Amino acid sequence: MAFRDGPFDNLKAPLTWVSAGVVVVAMIAAVVLLIANGRDVDSGEYGAARAGADAVAAPVGGVFAAPVRWVGQASDYVRGYFFAVSENRRLRAELAELEPWRDQAIALKNVNARYEAMLGLRVEPPVEMVTARSVSESRGPFVNARLIDVGQAAGVRVGNPVINEHGLVGRVVGATGGVSRVLLITDVSSRLPILVDRTDARAMLSGDGSGNPRLEYVRGEDSLREGDRILTSGDGGGIPRGLPVGVAARGIDGTWRVKLFTDRGAIDYVRVLLFQDFAQLADPEALNAPPLAAADTAPPPDAQTTARIVDQEARRRARDEEEVRRVAEAETRRRREAAEQAAAQAAPPTAAAEPDARAAPGEVQE
């Protein structure tokens, strides 16, 4: 019996309509996804469709990302349990190596604070930050972006830099009430002014979709070498100066690229710097203050810093006392040896004079 002669003959029209409806729904979904993932480069606006899509995708992405996070945490726990001994040895070696640098850093911090107070220097105050969690990721040949679970309600605005415990992650390109979209520095549309820490040379970090963005327009000859630290330069006022980015390396095509610090671990928890431009850090009254206005208004050090300073002073005083004691002992030893040597040299003439004294009476007897 043919299919058209069977009981499904009456389903021809409903299946046709269902197929047409599925096609229409798929087309609408595709258009919505294109709008949500599109970019309005000219206006820089965060459209309502895109904001709505991000607001819906954030909780869904958080639900789907939870098992992945749990598996990652479980693997980290197992790895830490089995490699705890080797990790402890490595950390002890690093701690022993960093202790002298800690003392020098404390001393330099104290000296710099005194110099700043004496000269009346105005330093940039710390930038306020909010912590967020990455709930979704968009990764492809042309798009590298993430959704985080904080938005305008927490003070996040377009252009805010985003960092994690390793370095710069990207910047905010869109924000709604409780969700923000972060454009990673590896995205093809990302451009970041940077500087080389060793030579203070300027360059432009350009993302190309790969894990290692390119360095372009490097200024100066021999201003870049393998392993140089790359920091944000702050040029243009969009991002603060000095945020760590990565280290310079040669690509297989011969171009300079950057190994990002953020590749050291997963980008899970991040911090958003509530920084708009350098104008928000300027205080006209402080800029017009006399040079020594801050000489007697420097904030006192906190308890931890005071304890470190006292500990360092005690160590320095103990070293000085030990050095003085060693010098005194060496001087005493030198004087004793000199006295013994002088006594040894004076002893033979005294022994030769005694027979002469004994012979003198004999001469008188003769």
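Residues numbered from 1 in each chain as written. Predicted model: local features only at pLDDT ≥ 70, side-chain atom pairs only at ≥ 80, totals over all residues. Heavy atoms only, no water.

**Topic: the overall build of the chain**
Reasoning step 1: Along the chain, the regular secondary structure elements total five helices and twelve strands.
Reasoning step 2: Across the 366 residues that make up the chain, the buried fraction comes to 26%.
Reasoning step 3: Taking as baseline every contact in the chain between residues at least 6 positions apart, the subset at least 24 positions apart corresponds to 58%.
Reasoning step 4: Counting only carbon and sulfur atoms, one obtains 60% of the accessible surface of the chain, whose full area is about 24500 Å². (Helix = DSSP H or I, 4+ residues; strand = E, 2+ residues; numbered from the N terminus. Buried < 20%, exposed > 50% of the residue type's maximum accessible area, 1.4 Å probe, protein only. Contact = heavy atoms within 4.5 Å. Areas by Shrake-Rupley, 256 points an atom, 1.4 Å probe, with all protein chains shown as cover.)

**So, the confidence of the model for the chain**
Reasoning step 1: Mean pLDDT over the chain stands at 77; residues scoring 70 or higher make up 70%.
Reasoning step 2: For residues 350-354, every residue scores under 50 in pLDDT, and the model assigns this stretch zero contacts once sequence neighbours within four places are set aside. (pLDDT = per-residue confidence, 0-100.)

**Brief notes about the side chain of Thr 186**
Reasoning step 1: Examined against the element boundaries, Thr 186 turns out to sit in the loop between strand S5 (180-184) and strand S6 (191-196).
Reasoning step 2: A residue is classified by how much of its surface remains accessible, and Thr 186, at 8% relative accessible area, is buried.
Reasoning step 3: Among all residues touching Thr 186, those that are not within four sequence positions of it are Asn 144, Gly 207, Asp 208, Gly 209, Ser 210, Gly 211, Pro 213 and Leu 260.

**Some details on the nonpolar core**
Reasoning step 1: Core analysis: the largest hydrophobic core is formed by 21 residues, its most contacted members being Leu 192, Leu 205, Leu 215, Ile 230 and Val 245.
Reasoning step 2: For this core, the secondary structure elements donating two or more residues are S6, strand S7 (202-206), strand S10 (244-250) and strand S11 (256-260).
Reasoning step 3: By size, the runner-up hydrophobic cluster in this structure holds 14 residues, among which are Val 130, Ala 132, Val 169 and Val 272. (Core = buried A, V, L, I, M, F, W, Y, C linked by side-chain atoms within 4.5 Å.)

**Observations regarding the pairing of strand S2 (residues 144-148)**
Reasoning step 1: The buried count for S2 comes to five of five residues, which makes it a mostly enclosed element.
Reasoning step 2: With four bridges joining them, S2 and S5 adopt antiparallel strand pairing. When the bridges of S5 are listed, Ala 145 appears paired with Leu 183. (Pairing = 2+ DSSP bridges.)

**As for unusual backbone geometry**
Reasoning step 1: Its identity is not glycine, yet Asp 200 carries a phi of approximately 65°, on the positive side.
Reasoning step 2: When you line up the elements, Asp 200 lands in the loop between S6 and S7.
Reasoning step 3: At Tyr 217, a position not held by glycine, the phi torsion is positive, near 55°.

**A short note on the environment of Tyr 217**
Reasoning step 1: If you trace the backbone, Tyr 217 turns up in the loop between strand S8 (214-216) and strand S9 (229-232).
Reasoning step 2: When its relative accessible area of 67% is taken as the criterion, Tyr 217 is described as exposed.
Reasoning step 3: Setting aside residues no more than four positions away along its own chain, Tyr 217 makes contact with Arg 202, Ala 203 and Met 204.

**Remarks on the pairing of S7**
Reasoning step 1: S7 sits mainly inside the fold: four of its five residues count as buried.
Reasoning step 2: Here S6 runs beside S7; their pairing, made up of five bridges, is antiparallel. Bridging across to S7, Pro 193 finds its partner in Met 204.
Reasoning step 3: By the bridge criterion, three bridges tie S7 to S8 in an arrangement that is antiparallel. Bridge pairing in S8 places Met 204 opposite Glu 216.

**Considering the environment of Ala 107**
Reasoning step 1: Inspection of the secondary structure assignment puts Ala 107 in helix H3 (residues 84-119).
Reasoning step 2: On the basis of relative accessible area, Ala 107 is assigned to the partly exposed category, the value being 24%.

**Focus on H3**
For an α-helix the count is 3.6 residues per turn, leaving residues at separations of three or four pointing the same way.
Reasoning step 1: For H3, spanning 36 residues, the distance from its first C-alpha to its last is 49 Å, which sits close to the expected 52 Å at 1.5 Å a residue.
Reasoning step 2: Along H3, the sharpest kink reaches roughly 35°, centred on Leu 98 and followed within four residues by the proline Pro 100.
Reasoning step 3: All buried positions along H3 are accounted for by Asp 103, Ile 106 and Ala 117. (Expected span 1.5 Å × (residues − 1). Bend = angle between axes of the 7 residues up to and from the residue.)

**Focus: the pattern of salt bridges**
Reasoning step 1: Tallying each qualifying case throughout the model produces 23 salt bridges.
Reasoning step 2: Measuring nitrogen to oxygen at the nearest pair gives 3.0 Å for the salt bridge that ties Asp 228 to Arg 198. One end of the pair, Asp 228, is in the loop between S8 and S9; the other, Arg 198, is in the loop between S6 and S7, with 30 residues separating them in the sequence.
Reasoning step 3: With relative accessibility at 7%, the residue Asp 228 sits in the buried group.
Reasoning step 4: Accessibility expressed as a relative area gives 41% for Arg 198, which makes it partly exposed.
Reasoning step 5: Overlapping salt bridges, with partners in common, bring together Asp 208, Arg 214, Glu 216, Asp 253 and Arg 257 in one network. (Salt bridge = Lys/Arg side-chain N within 4 Å of Asp/Glu carboxyl O.)

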